[in-house]
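Architecture and fold: a report
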Amino acid sequence: MTDVIIIGAGPAGLSAAIYVERAGKHALCLEEKMVGGQIVNTPEIANYPGIKMVSGFDFSMGLYEQATELGAEVEYERADRIEEILNDAEGSDGDSSRYFKVITQSGKEYEAKAVIIATGAKNRHLGMTKEEEFTGKGISYCATCDGAFFKKKDVAVNGGGNTALEDALFLSNYCNKVYIIHRRDEFRGEPKNLEAVQKKDNVEFILNSTVIDLKGEKSLEAVTVKDKITGEEKDIPVSGLFIAIGQEPDNQGFKNVADLDPAGYVAADESCRTKTPGIFVAGDCRTKSVRQLTTAASDGAVAALVACSYIG
């Protein structure tokens, strides 16, 4: 039995672990893939207060080292579900209590007095034929991870947010040509990022358009795009397509202890409390209007302190 189990070891989860340990409780993080979450693949973080510039990897490792040096543990397990255990046996004080059991994909069970869900959000897929087949063979969701494989080749980025603009800017330094395919004629990304991309001679914008087909035999050879206004369809020969159309949460396994909104995010306000006493949520996986590194860290701190107050 530990004090707080934190599901996820991204910025929200590790921030929570730091605050749990500083509050004199013990934190155990269950992480499916790697510590740091998706921010670990960001080449430059320039919008975190107090840090002018840092790589996502260095930032993540700093969080991990800080948390573990304080005493937090990290186990590489995928948490599949949470069970609430009501213990009605009376203790010496006559109080009844509850605790939680987290069951992982491998079948292991971990018990805690409180749980913080900090699963973040994963990359949204296009949901197209051949998308899975071509993943790793032309289809990628991480430009900084795979961009070097497309040196001097033509590629496309699909999306209109900061990630898409940052991906295009990064790829323009390696690739012969970079197409930005966006379903609108305006971008959600920061103007500063858009201006930087617009200055690149090897970047071409394909606006008001959507990807409707992926072509190729053993790997991606072209994408078919459709103009939403004219209805015109055309093939764009590319060796790579970097999909940056947003993220989606992975919270279905926890809907027995937390309400989910229609998009699958855990319903919670700034207090980070869920419908179940003792279950809290932090970071990009909860309902919120702003999903940034700073808000993830903030959620982690709030959820941890509320959880520790709950434990007593």
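The coordinates are above.
Residues numbered from 1 in each chain as written. Predicted model: local features only at pLDDT ≥ 70, side-chain atom pairs only at ≥ 80, totals over all residues. Heavy atoms only, no water.

Looking at the overall build of the protein
Check the secondary structure of the protein and you find 7 helices and 17 strands. The C-alpha radius of gyration of the protein comes to 22 Å, within 12% of the 20 Å expected for a compact globule of 312 residues. Overall size of the protein, expressed as C-alpha extent along the three principal axes, is 75 × 40 × 30 Å. Within the protein, the proportion of its 312 residues that are buried is 47%. Residue pairs in contact within the protein that sit at least 24 positions apart in sequence constitute 58% of those at least 6 positions apart. (Helix = DSSP H or I, 4+ residues; strand = E, 2+ residues; numbered from the N terminus. Rg over C-alpha atoms; globule rule 2.2 N^0.38 Å. Buried < 20%, exposed > 50% of the residue type's maximum accessible area, 1.4 Å probe, protein only. Contact = heavy atoms within 4.5 Å.)

Brief notes about the nonpolar core
Core analysis: the biggest nonpolar cluster contains 33 residues, and Val4, Ile6, Ala17, Ile116 and Phe280 have the highest contact counts within it. Those elements that place two or more of their residues in this core are β1 (2-7), α1 (11-22), β2 (27-30), α2 (56-70), β6 (109-117) and α7 (293-311). The element best represented in this core is α7, accounting for 7 residues. Among all residues touching Ile116, those that are not within four sequence positions of it are Val4, Ile5, Ile6, Ile7, Ala16, Phe280, Ala282, Ala303, Ala304 and Ala307. (Core = buried A, V, L, I, M, F, W, Y, C linked by side-chain atoms within 4.5 Å.)

Details of the packing of α1 against α7
Two elements in contact, α1 and α7, have axes whose closest approach is 7 Å; the angle formed by their N-to-C orientations is 40°. In terms of their interaxial angle, α1 and α7 are classed as oblique. The handedness of the crossing between α1 and α7 comes out as right-handed. Contacts from Pro11, Ala12, Ser15, Ala16, Tyr19 and Val20 in α1 reach Leu293, Ala296, Ala297, Gly300, Ala301, Ala304, Leu305 and Cys308 in α7. Among the residues making up the contact of α1 with α7, the classes are represented as 12 nonpolar, 2 polar and no charged. (Axes fitted to C-alpha atoms, helices over the stretch in contact; angles between N-to-C directions. Parallel < 35°, antiparallel > 145°, perpendicular 65-115°, else oblique. Left-handed = near helix turned anticlockwise from the far one by under 90°. Nonpolar A, V, L, I, M, F, W, Y, C, P; charged D, E, K, R; others polar.)

What to know about the sheet that holds strand β13 (residues 222-227)
A sheet is described by the order of its strands in space; here 3 strands give the open sequence β12-β13-β14, paired in antiparallel fashion. Each edge of the open sheet carries a strand with a single partner, namely β12 (209-215) and β14 (233-237). Averaged over all pairs of adjacent strands, the angle between strand axes in this sheet comes to 30°, irrespective of strand direction. When β13 meets β14, the two strands line up antiparallel, connected through 5 bridges. When the sheet's bridge partners are listed, Ala222 is paired in β14 with Pro237. (Pairing = 2+ DSSP bridges.)

Quick look at the environment of Val223
Residue position: Val223 is located in strand β13. Sequence spacing of Val223 and Ser239 is 16 residues, and the spatial spacing of their C-alpha atoms is 9.3 Å. Here Val223 is in contact with Ile181, Val211, Asp213, Leu214, Lys234, Asp235, Ile236, Val238 and Leu241, once residues within four sequence places are set aside.

Let's talk about a positive patch on the surface
Judged by side-chain charge, Arg124, Arg183, Arg184, Arg188 and Lys228 come together as a positively charged surface patch. Inspection of the secondary structure puts Arg184 in the loop between β10 (177-181) and α6 (191-198). (Patch = residues over 30% accessible without salt bridge, like charges linked within 9 Å, V, L, I, M, F, W, Y side chains within 5 Å. Areas by Shrake-Rupley, 256 points an atom, 1.4 Å probe, with all protein chains shown as cover. Salt bridge = Lys/Arg side-chain N within 4 Å of Asp/Glu carboxyl O. Lys, Arg positive; Asp, Glu negative; His and termini not counted. Charge placed at Lys NZ, Arg CZ, Asp CG, Glu CD.)

Quick look at the pattern of salt bridges
Summed over the entire model, instances satisfying the criterion amount to 14 salt bridges. Note that Glu32 and Arg78 form a salt bridge whose closest N and O atoms lie 3.2 Å from each other. Separated by 46 residues along the polypeptide, Glu32 in the loop between β2 and α2 and Arg78 in the loop between β3 (73-75) and β4 (79-87) bring together distant segments of the chain. If you follow the salt bridges from partner to partner, you end up with Glu32, Arg78, Asp80 and Asp250 in one network.

With respect to the pairing of β10
Summarising burial for β10: 4 of the 5 residues are buried, a large majority. Bridge count for strand β9 (residues 154-158) against β10 is 5 bridges, and the pairing is parallel. Paired with Ala156 across the strands is Tyr179, a residue of β10. The parallel pair β9 and β10 is bridged by helix α5 (residues 162-171), and the resulting crossover is right-handed. Crossover β10 to strand β11 (residues 203-206) through α6 is right-handed. (Right-handed = clockwise from strand over helix to strand, strands pointing away.)

What to know about the sheet that holds β9
What the 5 strands build is an open sheet, ordered β8-β15-β9-β10-β11; its pairing is parallel. Lying at the two open borders of the sheet, with one neighbouring strand each, are β8 (139-140) and β11. Strand direction decides the pairing type here: β9 and strand β15 (residues 240-243), joined by 4 bridges, are parallel. Each bridged residue has a counterpart across the sheet, and for Asn158 the counterpart in β15 is Ile243. Strands in contact with α5 are β9, β10 and β15; relative to β9, the strand with the most contacts, it is inclined by about 165°.

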